[in-house]
Amino acid sequence: MPGVEHLDVVIVGAGLSGIGAAYYLQRSHPRRSYTVLEARGASGGTWDLFRYPGIRSDSDLHTFGYEFRPWREERSIADGPSILAYLRETAAEHGIDKAVRYHHRVVSAAWSTPEARWRLEIERTDTGERTALTCTWLFCAGGYYRYDEGFTPEFPGRERFRGTVIHPQAWPEDLDHTGKRVVVIGSGATAVTILPAMAATAAHVTMLQRTPSYVLPVPSRDAMAARLRRLLGEERAFRAVRRLNIGRQRAVWRLCQKYPRAARRLIRWVNTKALPEGYPVDEHFNPPYNPWDQRLCIVPDGDLFRAISTGRASVATGRIRTFTESGVLLESGEELPADIIVTATGLNVQAFGGVTVSVDGAPVSLPGTIAYKGVMLSGVPNLAYAIGYTNSSWTLKVGLLCEYFCRLLSYMDEHGYDVCRPSPADPDMPTRPLLDFGAGYIQRAIGELPRQGDRVPWRTSMDYQSDVRLLRRGPVADPELHMTSSRATVSA
């Protein structure tokens, strides 16, 4: 296409996954041309977008951070600004920041088989200008939720409320909650983070939940990591702690899956010990589902429980009847007074950043595709994506996916292929949702996402050791991964 810039790889998204993908690509394929397209005006993704009080990770940074760059901070459960600094330092250290094009939103991606390339239509979010790029490979690293808006259900009487209503995804920088009464609607990771952070200066903070979540206190500082640093040095200690924490995450998840009743009793016992004597634990911290049917919330150093114990915060469990002029009225008849209401009610899922994808003029319906090894889609050539774990640190899977992607490129180079398209041998293979997860934000969008199959390589694993065998050590060649050369029709 004369006049249209062509690149070997275009990475969409300059957040945690995109920076990681760029690192692995330029390490394994330094001669390949690439760029990172970012719709916003800054790198960091989630960690630049979210500015609500207390924003932090809910995984330890020895596993949530990159395998190739040790986490050196004292706190392993880190706050948002520390994580953002880590990401940007990583990008600058490896020259990735120079490859990012800001205010570039990919509107559509159209694959042409005769030309063996993608054509991307791009909108400049700062000027509205439309431009185009072509690329041999498209790598979608934008996660799975919408950055421009969060999810807020319709609340009866919302227009009557005289105070301020805020969604955490659009937190105003000038909000002063000192001495204010705050109601945080929600019970997930965001709500349990906001409550203790705001309780430090607010008059009172109430977390209003329809259904309880499992909440587990963990130390914010990793004592084992500190000891190993003194004994082994920075690099070796990081590798050892990372392996240890991967094993710990896996063990907790397996315990919850295999012995859910025992896990429930253990979590309840921990909660009871952390809360004041006589606290109604079963009313507010005893979910109707098993542990890890939805993501388990962690609270560093038990800050949520400490805020409740001081009396500066509380939990209310019930359904909302209506907003009132001065707060929230529950169906039980109880009214929660508020000057500020925070709707920590979740995310809006959006696969591949809302990019419209087509192959040879035919639109691709994502629900009609099946995920291949959790990194490609059936029937869609030369497109990879990064979606991490829902049951442990996101980045653990992203790192393995990026390694596999680079191995795939090397294999294709060695054999003279430049087009790769997964296709199941059995078109009637049974399928199930891509993310087999009970969280509300996933369930609301389940019909808009790709599917997964009932066997490898079409099953999307949520187990790190299984993925190490499949993505890092397993063979690239596969009868269901069809590779060809656009220069000479040679079948794999």
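These notes cover the structure that comes with them. (Residues numbered from 1 in each chain as written. Predicted model: local features only at pLDDT ≥ 70, side-chain atom pairs only at ≥ 80, totals over all residues. Heavy atoms only, no water.)

## Considerations on the packing of helix H5 (residues 189-199) against helix H10 (residues 303-310)
Next, step 1: Running from amino to carboxyl end, H5 crosses H10 at an angle of 45°, the nearest separation of the two axes being 9 Å. Between H5 and H10, the angle falls in the class oblique. Where H5 crosses over H10, the handedness of that crossing is left-handed. Two secondary-structure elements touch here, H5 through Val192, Leu195, Pro196 and Ala199 and H10 through Asp303, Leu304 and Ala307.
Next, step 2: In the contact of H5 with H10, the residues fall into six nonpolar, no polar and one charged. (Axes fitted to C-alpha atoms, helices over the stretch in contact; angles between N-to-C directions. Helix = DSSP H or I, 4+ residues; strand = E, 2+ residues; numbered from the N terminus. Parallel < 35°, antiparallel > 145°, perpendicular 65-115°, else oblique. Left-handed = near helix turned anticlockwise from the far one by under 90°. Contact = heavy atoms within 4.5 Å. Nonpolar A, V, L, I, M, F, W, Y, C, P; charged D, E, K, R; others polar.)

## A word on the packing of helix H6 (residues 223-232) against helix H7 (residues 234-258)
Two packed helices can be described by the angle between their axes and the distance between those axes.
Next, step 1: In contact at an axis separation of 7 Å, H6 and H7 are set at 145° when each is read in the N-to-C sense. In this structure, H6 meets H7 at a crossing whose hand is right-handed. Facing Met224, Ala225, Leu228, Arg229 and Leu232 of H6, the residues of H7 in contact are Glu234, Arg236, Ala237, Ala240, Val241 and Leu244.
Next, step 2: In terms of residue class, the contact of H6 with H7 is built from eight nonpolar, no polar and three charged.

## Observations concerning the packing of aromatic side chains
Centre-to-centre distance and the angle between the planes together describe a pair of aromatic rings.
Next, step 1: Counting across every chain of the model gives 21 aromatic pairs.
Next, step 2: When the centroid spacing of 4.8 Å and the interplanar angle of 15° are considered together, the rings of tyrosine 66 and phenylalanine 68 count as stacked. For the pair formed by tyrosine 66 and phenylalanine 68, the shared burial category is buried.
Next, step 3: Ring plane angle 75° and centroid distance 5.3 Å describe the contact between tryptophan 137 and phenylalanine 405, whose orientation is recorded as edge-to-face. Of this pair, tryptophan 137 sits in strand S6 (residues 130-140) while phenylalanine 405 sits in helix H11 (residues 394-415), placing them 268 residues apart in sequence. (Phe/Tyr/Trp six-rings, centres within 6.5 Å; stacked < 30°, edge-to-face > 60°. Buried < 20%, exposed > 50% of the residue type's maximum accessible area, 1.4 Å probe, protein only.)

## A word on unusual backbone geometry
Next, step 1: Valine 456 connects to proline 457 through a cis peptide bond whose omega is 10°.
Next, step 2: Considering the arrangement of structural elements, one finds proline 457 in the loop between strand S26 (451-453) and helix H13 (464-473).
Next, step 3: Positive phi is not limited to glycine here, since aspartate 360 has a value of about 50°.
Next, step 4: Tracing the sequence through the fold places aspartate 360 in the loop between strand S19 (356-359) and strand S20 (362-363).

## So, the pairing of strand S15 (residues 327-330)
Next, step 1: By the bridge criterion, four bridges tie strand S14 (residues 320-324) to S15 in an arrangement that is antiparallel. Paired with phenylalanine 323 across the strands is valine 328, a residue of S15.
Next, step 2: Counting the residues in the hairpin turn of S14 and S15 gives two residues.
Next, step 3: With three bridges connecting them, S15 and strand S16 (residues 335-337) associate as antiparallel partners. Among the inter-strand pairings, valine 328 is bridged to a residue of S16, identified as leucine 336.
Next, step 4: Counting the residues between successive antiparallel strands, the hairpin from S15 to S16 contains four residues, one of them, glycine 333, with a positive phi of roughly 100°. (Pairing = 2+ DSSP bridges.)

## Concerning the layout of surface pockets
Next, step 1: Looking at the second largest pocket, its volume works out to about 670 Å³.
Next, step 2: Contributing to the lining of the second largest pocket are 27 residues, with Val218, Arg248, Gln249, Val252 and Ile298 lying nearest its centre.
Next, step 3: Of all elements in the fold, only strand S11 (215-218), H6, H7 and helix H8 (260-274) reach the threshold of two or more residues within the lining of the second largest pocket.
Next, step 4: Considering every element that reaches the lining of the second largest pocket, the biggest residue donor is H7, with six residues.
Next, step 5: A per-class count over the lining of the second largest pocket returns 15 nonpolar, six polar and six charged. (1 Å grid on protein atoms, 1.4 Å probe; cavity = no way out; pocket = protein on both sides within 12 Å on 5 of 7 lines; lining within 4 Å. Points joined across faces, edges and corners; volume = space filled by probe spheres on them.)

## A closer look at H10
Next, step 1: The complete set of buried residues in H10 reads Asp303, Leu304, Phe305, Ala307 and Ile308.
Next, step 2: Structurally, H10 contributes buried residues whose contacts are with H5, S11, H8, strand S12 (297-300) and strand S13 (313-317).
Next, step 3: Once H10 finishes, glycine 311 follows within two positions and takes phi at roughly 90°, a positive value.

## Side note on the environment of leucine 208
Next, step 1: Among the structural elements, leucine 208 can be located in strand S10 (residues 204-209).
Next, step 2: Taking C-alpha positions, leucine 208 is 41 Å from leucine 228, a pair spaced 20 residues apart along the chain.
Next, step 3: The residues touching leucine 208, leaving out its near neighbours within four places in the chain, are Val183, Val184, Ile185, Gly186, Ala316, Gly318, Ile320, Val328, Leu330 and Leu336.

## Quick word on the pairing of strand S4 (residues 104-112)
Next, step 1: With seven of its nine residues buried, S4 lies for the most part within the structure.
Next, step 2: With eight bridges joining them, S4 and strand S5 (residues 117-124) adopt antiparallel strand pairing. Bridging from a neighbouring strand, tryptophan 111 pairs with tryptophan 118 of S5.
Next, step 3: Linking S4 back to S5 in an antiparallel pair, the connection comprises four residues, with alanine 116 at a positive phi of about 50°.
Next, step 4: By the bridge criterion, four bridges tie S4 to S19 in an arrangement that is parallel. By the bridge assignment for S19, alanine 109 is matched with valine 357.

## A word on the environment of phenylalanine 238
Next, step 1: Position of phenylalanine 238 relative to the elements: it lies in helix H7.
Next, step 2: Taking the C-alpha atoms as reference points, phenylalanine 238 and leucine 228, ten residues apart in sequence, are found 8.3 Å from one another.
Next, step 3: Residues in contact with phenylalanine 238, not counting those within four places in the same chain, are His62, Tyr66, Glu67, Arg69, Pro70 and Trp71.

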